[in-house]
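# Architecture at a glance
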Amino acid sequence: MLSVREKVAYGLGDTASNIVFQSVMLFLSFFYTDIFGLSPALVGTLFLVVRIFDAVTDPLMGAINDRTNTRHGKFRPYLLWLAVPFGIISVLAFTTPDLSPDGKAVYAFVTYGLLMLAYTAINIPYSALGGVLTANPTERVSVQSYRFVFGMLGGLLVTACTLPLVDFFGAGDKAKGYQMTIAAMSVLGVIMFWLCFAGTKERVFPPAEQKSSFWQDMASLWHNDQWRILSLAALFVLVGMVLRNTLAIYYVKYYLGREDLITLFVTLGMLGNIAGCAVAQWLAARVCKVKAYMAIQVIAALLCVASYFIGPEQTLLAFIIYVLWCFILQMGTPLLWAKMADVVDYGQYRSGIRITGMTYSSVVFFIKMGLAIGGAMAGWLLAFYGYQPDQAQSADTQQGILFSFTWLPALAFLIVALVMKFYKLGTQEVEKVRLAIENR
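Heads up: these notes are all about the structure in this document. Just so you know, the residues in each chain are numbered from 1, in the order the chain's sequence is written. The predicted origin of the model limits local features to residues at a pLDDT of at least 70 and limits the giving and counting of side-chain atom pairs to 80 or more, whereas totals for whole chains, interfaces and linings rest on all residues. Here the side-chain values reflect all heavy atoms present in the structure, with hydrogen atoms and water set aside.

Take a nonpolar patch on the surface next. Exposure above 30% relative accessible area and no salt bridge define the residues that can form patches, which grow by joining like charges within 9 Å and nonpolar side chains of Val, Leu, Ile, Met, Phe, Trp and Tyr within 5 Å. The method behind every accessible area is Shrake-Rupley, applied with a 1.4 Å probe, and residues are considered shielded solely by the protein chains displayed. For this analysis, a salt bridge means a side-chain nitrogen from Lys or Arg found within 4 Å of a carboxyl oxygen belonging to Asp or Glu. Taken together, the side chains of Leu-80, Trp-81, Val-84, Ile-88, Leu-92 and Trp-194 make up a nonpolar region of the molecular surface, amounting to roughly 550 Å² of accessible area. Helix numbers and strand numbers start at the N terminus; a helix is a DSSP run of H or I with at least 4 residues, a strand a run of E with at least 2. In terms of residue count, the dominant contributor to the nonpolar patch is helix α3 (residues 77-93) (five residues). The topology assignment puts Trp-81 in helix α3. Three exposure classes are used, based on accessible area relative to the maximum for each residue type with a 1.4 Å probe and protein chains only: buried under 20%, partly exposed in between, and exposed over 50%. The exposure class assigned to Trp-81 is partly exposed, which follows from its relative accessible area of 47%.

This next bit is on the side chain of Glu-202. Turning to its location among the elements, Glu-202 is positioned in the loop between α6 (174-199) and α7 (214-222). Under this rule, positive means Lys or Arg and negative means Asp or Glu; His and the chain ends count for nothing. Salt bridges are absent for the buried Glu-202, whose nearest opposite-charge side chain, Arg-76, sits at 5.5 Å. Looking at Glu-202, its side chain comes within polar contact range of the main-chain nitrogen of Lys-74, at 3.0 Å. For the purposes of these results, a polar contact is taken to be a pair of N or O atoms within 3.5 Å, where, inside protein, one atom must be able to donate a hydrogen and its partner to accept one; residues adjacent in sequence count only when each atom of the pair is a side-chain atom. In terms of polar contacts, Glu-202 uses its side chain to reach the backbone amide nitrogen of Phe-75, at 2.8 Å. Contacts are residue-level and defined by heavy atoms, with any inter-residue pair within 4.5 Å sufficient. Discounting chain neighbours no more than four positions away, the residues touching Glu-202 are His-72, Gly-73, Lys-74, Phe-75, Arg-76, Leu-129 and Val-132.

This part takes up the pattern of salt bridges. Two side chains bearing opposite charge may form a pair once their charged atoms approach each other closely. Enumeration according to the criterion identifies 15 salt bridges in this entry. In this structure, the salt-bridge partner of Asp-58 is Lys-368, at a minimum N-O distance of 3.0 Å. Taken together, the residues span a long stretch of sequence, with Asp-58 in helix α2 (residues 40-66) and Lys-368 in helix α14 (residues 356-384) at a distance of 310 residues. A salt bridge links Lys-253 to Glu-259, with the shortest nitrogen-to-oxygen separation between them at 3.6 Å. Of the residues examined, Lys-253 reaches a relative accessible area of 10% and is grouped as buried. Overlapping salt bridges, with partners in common, bring together Arg-140, Lys-289, Asp-342, Asp-345 and Arg-354 in one network.

Turning our attention to empty space enclosed by the protein. Leftover empty space is mapped by rolling, across the atoms, a probe with the size of a water molecule. Only protein atoms enter the calculation, which uses a 1 Å grid: trapped sets of points that fit a 1.4 Å probe without letting it out are cavities, open sets showing protein on both sides within 12 Å along at least five of seven lines are pockets, and any residue with an atom within 4 Å of a point is a lining residue. Grid points are joined across faces, edges and corners, and a volume is the space filled by probe spheres set on the points. For the structure shown, the criterion picks out seven cavities of 30 Å³ or more. As a volume, the largest cavity reaches approximately 340 Å³. Along the wall of the largest cavity there are 27 residues; nearest its centre are Phe-21, Phe-148, Thr-333, Trp-337 and Ile-367. Of the residues forming the lining of the largest cavity, the biggest block, five residues, is contributed by helix α1 (residues 4-36). Grouping the constituent residues of the lining of the largest cavity by class yields 15 nonpolar, nine polar and three charged. Each residue gets one label: Ala, Val, Leu, Ile, Met, Phe, Trp, Tyr, Cys and Pro are nonpolar, Asp, Glu, Lys and Arg are charged, and the others, such as Gly, are polar.

Here we come to the packing of aromatic side chains. Note on aromatic contacts: the rings of Phe and Tyr and the six-membered ring of Trp form a pair at centre separations within 6.5 Å, being stacked when their planes are under 30 degrees apart, edge-to-face when over 60 apart, and tilted otherwise. This structure, assessed with the given rule, holds 36 aromatic pairs. Each ring, one from Tyr-32 and one from Phe-36, has its centre 5.8 Å from the other, and the planes form 65 degrees; the classification is edge-to-face. Placement of both Tyr-32 and Phe-36 in helix α1 is noted, with a separation of four residues, approximately one turn of the helix. Take Tyr-32 and Phe-36: they sit in the same class, and that class is buried. For the pair Tyr-322 and Phe-405, a centre-to-centre distance of 6.3 Å together with 25 degrees between the ring planes defines the contact as stacked. Pair noted here: Tyr-322 is in helix α12 (residues 315-331) and Phe-405 is in helix α15 (residues 395-419), with a separation of 83 residues, a long-range link.

Next up on the list: the nonpolar core. A general feature of soluble globular proteins is that nonpolar side chains tend to end up buried together. For the purposes of this section, nonpolar cores are sets of buried Ala, Val, Leu, Ile, Met, Phe, Trp, Tyr and Cys residues that join through side-chain atoms within 4.5 Å. Formed by 149 residues in total, the largest nonpolar core has its most connected members in Tyr-32, Tyr-112, Tyr-251 and Trp-325. With 18 residues, helix α8 (residues 225-255) is the largest single contributor of residues to this core. Contacts of Tyr-32, omitting those with residues within four sequence positions, involve Gly-37, Leu-38, Val-43, Leu-46, Phe-47, Ala-93, Ala-108, Thr-111 and Tyr-112.

Roughly 270 Å³ of internal volume is contained in the largest pocket. Lining the largest pocket are 16 residues, with Phe-30, Leu-163, Lys-174, Tyr-178 and Glu-259 sitting closest to its centre. Those elements that provide at least two residues to the lining of the largest pocket are α1, α5 (137-170), α6, α8 and α9 (262-278). Broken down by class, the residue content of the lining of the largest pocket amounts to nine nonpolar, one polar and six charged.

This next bit is on α9. To estimate how far a helix should reach, multiply one less than its number of residues by 1.5 Å. Over its 17 residues, α9 extends 25 Å from the first C-alpha to the last, a length consistent with the 24 Å expected when each residue adds 1.5 Å. Among all positions in α9, only Ile-262, Phe-265, Val-266, Thr-267, Gly-269, Met-270, Gly-272, Asn-273, Ile-274, Gly-276 and Cys-277 are buried. Looking at the buried residues of α9, the elements they touch are α1, α5, α8, α10 (280-284), α12 and α13 (333-351).

On to the state of the cysteines. We call a pair of cysteine sulfur atoms a disulfide when they lie within 2.5 Å. This structure, assessed with the given rule, holds zero disulfides. The cysteine Cys-277 is free of any disulfide, with Cys-326 supplying the nearest cysteine sulfur at 10 Å. Since its relative accessible area comes to 0%, Cys-277 is described here as buried. Free cysteine: Cys-288, not disulfide-bonded; nearest cysteine sulfur from Cys-277 at 19 Å.

So, in structure tokens, the structure goes:
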């Protein structure tokens, strides 16, 4: 059994990660269109193009992690080494230099690309660390529940404080306000990464005799059919989640017509996220994790569809449905990440090769692809429906925002539920795999 102290320390790493992740998911698109001055279509393309590089950097980082050997372990050292560079690049991404339109486009591509590279370099070892703290399947869910509760607290910090701090630091200059706000949050994030490093310990290691090349690891990964299923599910759940969360600001400002309630809307949603993550362990102890995850996706889809039938004057109902959606969907997040550790064990059971870093990095790649596609779709859809920044929108544009905020995420979640029908690592199968590995 892991101590609560260690679980909290591990969770602080995700608080730090979510300061950037939630800033990107909730505010970067809005920052680029309404503050930085980029077109929505360009923003959508930017989000997608940068992800192409992740096809190389993610598995490469995972392979590097698997071959790292220090007195601090394979994964923990990166939290110590990369926290400060990650913080600096985060600030640069939310900085508005005085450049020409073409210069701004280049600057956005370069800084966003560097931000995602830094995120890869620190988040992949952090994520893989969660799979080597313990070999106990129940404790793995507990670890991930702590992780995402604390991760969502980072998101809560972002949702509750970003816009007020932008006003405070900017004093009318929103560009300066965003820069200073992210700078303050980045300092906090660096400290939390260091606390995570200091408070955790790696306990699960590959077989001492294991020696494999990068290409052997890739072949082993590809032959892991449960990895393929989980990666596809991760892709679509992030597409739906990011599309809906990216458009949340536009939905409140332009469909509900309540710009004054944006901070409250996203903050209450984040509280729903935290509550959902907190009950995941309770749910996993009582229901098959696979069946529970499928049910969560179907209910999340139904809540998205329900939002479509809410009128702009029904503000309270819109809030209730959004918070409930956040609560239900985030019940599945710790379950998804606990399944990654199960997939690592399954791969070792099938091939004899344990590749923790590469398995996590490859699933994280699909997660980030979902992040990119969801963000890109939001930008493209806004452009398609004729969105014009910071002014009253036409009825067609408002309807387009509503449709994109409701029906399209619902479709993504239904696809996830369908994909997970082919996932077979339920509670009994995971225990069978664990015992087989221990008895080798």
